[in-house]
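# Structural characterization, general
The chain contents come next:
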Amino acid sequence: MSGKNRAGGREKIATGIEGFDDITAGGLPSRCTTLLMGGPGCGKTIVALQILVSAAAEHGTPGIFVAFEENARRVAANGQTFGWKMAELEEKKLFFIDARMRSDVVTAGAFDLSGLLAGLEAKAHEMGAKVIVFDAVDVLLSLLDDPAAECRELYRIHEWLMLNELTGILTTKIDDDHAATAQRYGFMPFMADCAVMLTQRVTDRVAVRAMRVVKYRGSPHGLNEVPFMIGPKGVEVGSSNGVHPEPQPFNERITSGVERLDEMLGGGFYRGTNALITGSSGSGKSTLAGAFIRAACEREERTLFISFDENSRDIVRDLGTMGIDLAPHFASGLLRMEAIRSEAASSEEHFMRIKRVIAEQAPRCVAIDPLSALARVGGGIAARAVAERLIYLCRNAGITVLFTSLLEGSDPQLETTTLHVSTISDSWIQLSYALIDGARIRAVSIVKSRGSNHSNQLRELIFSEKGISITEPYKAGGEVLRETLHKQQEKAG
Amino acid sequence: MSEDFPAGERASAGYVFRLYVAGGAPNSVRALANLYAICRKHYPESHRIEVIDVLKEPMRALAEAILVTPTTVKVSPAPGLQIIGNLSDEEEVLRALGLPQTKNG
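The following refers to the structure shown. Nothing here was measured: the structure is a model prediction, and the numbers come from that model.

Bringing the overall build of chain A into the picture now. Counting its regular elements, chain A contains 17 helices and 24 strands. Classification of the 493 residues of chain A by burial places 48% in the buried group. Across chain A, every contact between residues at least 6 apart in sequence was considered, and the portion connecting residues at least 24 apart equals 69%.

What follows is the structure, given as structure tokens:
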């Protein structure tokens, strides 16, 4: 793939940031000025660095990073933590310049940026640089201490970029919330060909990053704010305007991992569909998820088990006591277990993390236990959108996904108020407790199983060290859940 | 020999300045004129000004971390000093160099 795209009538350079190219309809304007604005700590430097690194690493496009605020060495070292090959790139493709003004410098009269630009021009020419980042340009401009001069010097940079046919990325601190800075640097977006605002907000004590393309001259772009995160491999933007073709439906059936359950479903799950298991705490959702995963592993399929708020090793151990041994598959890498703390991040960040893990593991079957944990932070609406995107993500990739959802009450209709996923799930298995003659009995029923003639009966679910079993329905009278009762009576007697 | 000046600022120590200019840009020309005037007045015995045109020696400007033009660097005597701007703010320049302020008449 070439680094240059033509979209919306203008030449662009792909940023290499997932999702960012979606919202900018192909990347940043080539040989023009892009402005990345935002408050402190919102990720401007990393976004700019990643674009530069990606251009160099993916497309062999040399670039220069001018650091006005941070130590340039530290910026490069920061890139290293994302696994970017900074040292290798710096040998040929990348040049970092520390452009921090000495703190003891004395200002005595007017000056301009000609000196720096002359130096950069020579350097750019020498290394054939095409992309240049001016990080924290506001720090430099503030030295001028004169709004008119600041504007003039910014235009000088802008003109200089065009004259030298360089793609420029300028980052600057502008806080949406600060009227003073907004007014002072309000002219900046007018000058730039593309302006992106980055923000960081705290919702339910969790920081949520978001970005918005404020303007893009001569190009269509996404208007909405989209979430982004800085993950272990860099910036990921949660763009939702990716339109995917409807995947081909599969006719293949795969097992739920429990033979009797397959019968109840009318023949197991269809490959590439999703199944929802709802139930209250302790009703056996995780165990059924484990059985599904084991069956996939036994078919030698790559699988992924995502658990919220539970340690992977504990899950393997607990399932082991139920006769579901995942340990060898976990050890061989066929199964990847990903334990996520639900309160550690927003649902959007969870989504991006899950998406990344799915991309890495390339599973055919995924279990998410419980999906309802997504709603714990950041509120229901966001979590609902995330749950939906997650389901569509799997559907588009042809992945069969089983997700569980915790019911806080006994009314199965309550589920619809938390994540609203039951409407888009292909199969819906309901687990419940029945209290019969003083015994707590697990029961399983199928609420829906699309494209299948499924069972309408409530049956008893029994877990033992030998595994999971589902009883035949007891046909006499209204009582269907008798097996456990019988056993208990036998024991008592 | 002038005993009125503190030891560190004795003219005999030799005042060496490096002035980075951007070709014949107005601020650069003004800075050169101002620096000459200050040197002639305050260090008549011994001063040297090295002028570097960043347009002709851009890589040198980059290597020496010259961000803006004009920039004046006091090379010696120690301590080194960097002044940015066209030096029109004489009061500020004199203060930075530790020279007595010129009385305004």
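Further remarks concern the nonpolar core. Leu52, Phe65, Val66, Ile132, Phe292, Ile293 and Val366 of chain A are the most contacted members of the largest nonpolar core, which totals 162 residues. Looking at this core, you find at least three residues from each of domain 1 (4–109 + 123–237) and domain 2 (253–492) of chain A.

All names here are of chain A. As judged from the four bridges shared by strand 16 (residues 274–279) and strand 21 (residues 427–436), these two strands associate in the parallel manner. Among the inter-strand pairings, isoleucine 277 is bridged to a residue of strand 21, identified as isoleucine 429. Bridge analysis of strand 21 against strand 22 (residues 439–449) gives ten bridges, and the strand direction is antiparallel. Bridging across to strand 22, serine 432 finds its partner in alanine 443. Counted between consecutive antiparallel strands, the loop separating strand 21 from strand 22 contains two residues, among which aspartate 437 sits at a positive phi close to 50°.

In this section: the sheet that holds strand 19 (residues 365–369) of chain A. Residues and elements named next belong to chain A. Pairing is mixed across the open sheet formed by nine strands, whose spatial order is 18-17-19-20-16-21-22-23-24. Of all strands in the sheet, those with a lone pairing partner are strand 18 (335–340) and strand 24 (467–470), marking the two edges. Pairs of neighbouring strands in the sheet enclose a mean axial angle of 20°, with direction left out of account. Bridge count between strand 17 (residues 303–308) and strand 18: six bridges; the pairing is parallel. Along strand 18, the bridge assignment pairs phenylalanine 305 with methionine 337. Taken strand by strand, helix 11 (residues 285–298) contacts strand 16, strand 17, strand 18, strand 19, strand 20 (400–406), strand 21, strand 23 (459–464) and strand 24, and its axis lies near 165° from that of strand 19.

Taken together, the contact between chain A and chain B spans 23 residues of the former and 29 residues of the latter. Mapped onto the side of chain A that touches chain B, the elements with two or more residues apiece are strand 6 (94–98), strand 7 (106–107) and helix 5 (114–127) of chain A. With eight residues, the top contributor of residues to the side of chain A that touches chain B is helix 5 of chain A. Partitioned by chemical class, the residues of the side of chain A that touches chain B number 13 nonpolar, five polar and five charged. Where strand 7 of chain A meets strand 4 (residues 81–84) of chain B, two bridges bridge the pair, whose relative direction is parallel. When the sheet's bridge partners are listed, valine 106 of chain A is paired in strand 4 of chain B with isoleucine 83 of chain B.

Reading across from one edge, 7(A)-4(B)-3(B)-1(B)-2(B) is the order of the five strands in this open sheet, with mixed pairing throughout. The two strands at the open ends of the sheet, each matched to only one other strand, are strand 7 of chain A together with strand 2 (47–53) of chain B.

Turning our attention to the environment of alanine 118 of chain A. Positionally, alanine 118 of chain A belongs in helix 5. The class for alanine 118 of chain A is buried, based on 25 C-beta atoms found within 10 Å. For the pair alanine 118 of chain A and alanine 149 of chain A, spaced 31 residues apart in sequence, the C-alpha separation works out to 19 Å. Not counting chain neighbours up to four residues away, the residues in contact with alanine 118 of chain A comprise Ala22, Val54, Leu55, Pro58 and Ala61 of chain B.

Conventions we followed
Residues numbered from 1 in each chain as written. Chains lettered and ligands numbered in written order. Predicted model: local features only at pLDDT ≥ 70, side-chain atom pairs only at ≥ 80, totals over all residues. Helix = DSSP H or I, 4+ residues; strand = E, 2+ residues; numbered from the N terminus. Buried ≥ 20, exposed ≤ 12 C-beta atoms within 10 Å, placed from the backbone. Contact = placed C-beta atoms within 7 Å. Core = buried A, V, L, I, M, F, W, Y, C linked by C-beta atoms within 7 Å. Domains from an automatic or database assignment. Pairing = 2+ DSSP bridges. Axes fitted to C-alpha atoms, helices over the stretch in contact; angles between N-to-C directions. Nonpolar A, V, L, I, M, F, W, Y, C, P; charged D, E, K, R; others polar.

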